[in-house]
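# Observations on the three-dimensional arrangement
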Amino acid sequence: MKLLFGCAVRIHILRRANANRNGGFLLAANHISHFDPFLISLAVRRKIDWMTMAEFFRFPLGFLLRAIDAFPAERDRADLKTIRTAIERLKNGRIVGLFPEGGIRDGSRSLLEGAPLRPGASTLAQIAGIPVLPCVILGSDRLYSRRQWLPFRRTPIWIDFGIQISLFLYLYT
């Protein structure tokens, strides 16, 4: 991935140290393109287990996704198997990445424009007793244009990691 994106993009990372802490946490990011999980994974020094749309797990893509420890998630309902898998991985000190928008969103449907979050991320963090790390990615949607992949073009991508939120602490005070 580094080689592929190294030729096409220039990634600017803000507050990378926030993402490179020990222990498990839920990485919750906005989602503006299919390239987001790959680019965010390049910015984090640890491996991220991505919650991925169940539709992507059909053969042969499912084999590749499982090989990188991604796991399927239903977008329209709470799937107990997915929740258990995420909680187990988080409690084992791993990073679980998800897009709380439930898919690629732009314009008024995007978090960037003030659209509401789905409740799954905060509920999962509360059950697992782990913090949520907010992440914003900008510019990756430009990679859908073939012109952006021309040599020496280097599309700028911005990734910012916020301050971790420990939701479960606030619920009991």
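Overview of the structure. (Residues numbered from 1 in each chain as written. Predicted model: local features only at pLDDT ≥ 70, side-chain atom pairs only at ≥ 80, totals over all residues. Heavy atoms only, no water.)

### Digging into the packing of helix 4 (residues 80-91) against helix 5 (residues 120-128)
- Two elements in contact, helix 4 and helix 5, have axes separated by 10 Å at closest approach and are oriented at 55°. Compared by their axis directions, helix 4 and helix 5 come out oblique. Once helix 4 is placed against helix 5, the crossing between them reads as right-handed. Here helix 4 contributes Ile-83, Ala-86, Ile-87, Leu-90 and Lys-91 to the contact with helix 5, which in turn contributes Leu-124, Ile-127 and Ala-128.
- Considering only residue class, the contact of helix 4 with helix 5 consists of 7 nonpolar, no polar and 1 charged. (Axes fitted to C-alpha atoms, helices over the stretch in contact; angles between N-to-C directions. Helix = DSSP H or I, 4+ residues; strand = E, 2+ residues; numbered from the N terminus. Parallel < 35°, antiparallel > 145°, perpendicular 65-115°, else oblique. Left-handed = near helix turned anticlockwise from the far one by under 90°. Contact = heavy atoms within 4.5 Å. Nonpolar A, V, L, I, M, F, W, Y, C, P; charged D, E, K, R; others polar.)

### Describing the nonpolar core
- Of all hydrophobic cores here, the largest spans 23 residues; its most connected members are Leu-27, Leu-39, Ile-40, Val-44, Ile-159 and Phe-161.
- In this structure, Met-51, Phe-71, Ile-87 and Val-96 belong to the second largest nonpolar core, which totals 16 residues. (Core = buried A, V, L, I, M, F, W, Y, C linked by side-chain atoms within 4.5 Å. Buried < 20%, exposed > 50% of the residue type's maximum accessible area, 1.4 Å probe, protein only.)

### Comments concerning the sheet that holds strand 6 (residues 132-138)
- If you walk across this open sheet you meet the 7 strands as 1-7-6-2-5-3-4, and the pairing is mixed. Either end of the sheet is taken by a strand with one partner, and the two such strands are strand 1 (9-14) and strand 4 (71-73). Mean inter-strand twist for the sheet, computed between neighbouring axes without regard to direction, equals 25°.
- Across 3 bridges, strand 3 (residues 48-53) lies against strand 4 in parallel orientation. Pairing of Thr-52 across the sheet is with Pro-72, part of strand 4. (Pairing = 2+ DSSP bridges.)

These values are about where atoms sit, not about what they do.
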